[in-house]
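Residue-level structural notes
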Amino acid sequence: SAAAVMRIRCFAKRQTRRGLRSRSGLTVAACTGRTLAVMPSGPHATMFTIPSRKIHTKGERELVEFLAEEIVAEKKSGSSATIPTSINGYKISCDKAEVELTKSSDREKITISFNVNHTVDMEGEEADSGENKQEFSAMKSRPQFEIDIVRGDTTLSFTCSYLPGEAQEGEYNDVFGIDEVTIYKGEWSDKVYAVAGDVLDGYLYDLLMNFLEEKGISNEFAEKMSEFASAYEHSKYVELLEGISKFTVVQK
């Protein structure tokens, strides 16, 4: 049916986005009695036991089974490293999908802010393995970010984005670029004038990039921030899956 085709297409799209791998190491046991047992195998195995009385429909059961597998697979594929609390002297604070990095001195306060929603894409291309299984590259978060440099009641603000492509050998390419620049007193509003980075004088643009680098916002910093954003976004994705699973089996 058309609905079935749509579901297949949506699932295929999700596989492409998240890089889902074959789950041959996961076994979903048949529901016997009062529990549904999902038993993953391997070194990262975790046992999920779900009271069947809390699952009311076939669709809910299938969703819970899939989510149990997906959560294990995502935790297995995620980085085991601890998410850092600072990057190059910038202290990190998080509020759900929102992230801020701050650094203060007697002269100024610098705040870098971004949101990890809808910021991930795949590194590289898909490839077929010898066993005819799809292999996927890691997901990487490259969010647009705001840089606010505050001195007194005046803020110099930059909107920046990561640039596509990688530097070729022997070449120097910026990891990120300036989308917009503005300066204002007090609170920002729509009345504040801003100029797009691509219409700035080329030499002025380079000087502003050097200015940011002197503040510690360099290509190296941007790469580390992307690595942090990738790990943090992945942790939020796993939390989302766990939340959907709990919502599905909640007692009614």
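Residues numbered from 1 in each chain as written. Predicted model: local features only at pLDDT ≥ 70, side-chain atom pairs only at ≥ 80, totals over all residues. Heavy atoms only, no water.

Going by an unreviewed UniProt entry, the chain carries the name Putative complement component 1 and comes from Anopheles triannulatus. Quoted straight from UniProt, the Sequence similarities (unreviewed entry) entry for the chain says "Belongs to the MAM33 family." (UniProt positions renumbered as here; feature names shortened; annotations may be inferred.)

1. A few points about the sheet that holds strand β15 (residues 194-196)
What the eight strands build is an open sheet, ordered β4-β5-β6-β7-β12-β13-β14-β15; its pairing is antiparallel. The open sheet is flanked by β4 (86-87) and β15, the only strands paired with a single partner. In the sheet, strand β6 (residues 98-104) pairs with strand β7 (residues 109-115) via seven bridges, with the strands oriented antiparallel. Its bridge partner lying in β7, V99 is registered against F114. Of the strands in this sheet, β12 (145-151), β13 (154-162) and β14 (176-185) are in contact with helix α3 (residues 202-214), which crosses β14 at around 85°. (Pairing = 2+ DSSP bridges. Helix = DSSP H or I, 4+ residues; strand = E, 2+ residues; numbered from the N terminus. Contact = heavy atoms within 4.5 Å. Axes fitted to C-alpha atoms, helices over the stretch in contact; angles between N-to-C directions.)

2. Quick word on the packing of helix α2 (residues 58-77) against helix α4 (residues 219-248)
Here α2 crosses α4 at 155°, and the two axes come no closer than 9 Å. Classified by the angle their axes make, α2 and α4 are roughly antiparallel. Like other packed secondary-structure pairs, α2 and α4 cross with a definite hand, here left-handed. For the pair α2 and α4, contact is made by E60, L63, V64, L67, E70, I71, E74, K75 and S77 and by H234, Y237, V238, L241, E242, I244, S245 and T248, respectively. Taken together, the residues of the contact of α2 with α4 break down into eight nonpolar, four polar and five charged. (Parallel < 35°, antiparallel > 145°, perpendicular 65-115°, else oblique. Left-handed = near helix turned anticlockwise from the far one by under 90°. Nonpolar A, V, L, I, M, F, W, Y, C, P; charged D, E, K, R; others polar.)

3. Observations regarding the side chain of T155
Within the element layout of this structure, T155 appears in strand β13. When residues no more than four places from it in sequence are discounted, the contact partners of T155 are D148, I149, V150, T182, I183 and Y184.

4. Points about the pairing of β14
Note that β13 and β14 share nine bridges and pair antiparallel. The partner of T155 across the bridge, within β14, is Y184. Pairing of β14 with β15, which is carried by three bridges, proceeds in the antiparallel orientation. Within the sheet, the bridge partner assigned to T182 lies in β15 and is A194.

5. Structural notes on a negative patch on the surface
A surface patch of negative charge is lined by D174, D201, D206, E213 and E214. On the basis of relative accessibility, which here comes to 30%, the residue D174 falls in the partly exposed class. (Patch = residues over 30% accessible without salt bridge, like charges linked within 9 Å, V, L, I, M, F, W, Y side chains within 5 Å. Areas by Shrake-Rupley, 256 points an atom, 1.4 Å probe, with all protein chains shown as cover. Salt bridge = Lys/Arg side-chain N within 4 Å of Asp/Glu carboxyl O. Lys, Arg positive; Asp, Glu negative; His and termini not counted. Charge placed at Lys NZ, Arg CZ, Asp CG, Glu CD. Buried < 20%, exposed > 50% of the residue type's maximum accessible area, 1.4 Å probe, protein only.)

6. Comments concerning α2
Along its 20 residues, α2 runs 29 Å from first to last C-alpha, staying within 8% of the 28 Å computed at 1.5 Å per residue. Regarding α2, the residues found buried are E60, V64, L67, A68, E69, E70, I71, V72 and E74. (Expected span 1.5 Å × (residues − 1).)

7. Quick word on the environment of H56
With respect to the helices and strands, H56 occurs in the loop between β3 (48-51) and α2. Between the C-alpha atom of H56 and that of T248, which follows or precedes it by 192 residues, the distance is 9.1 Å.

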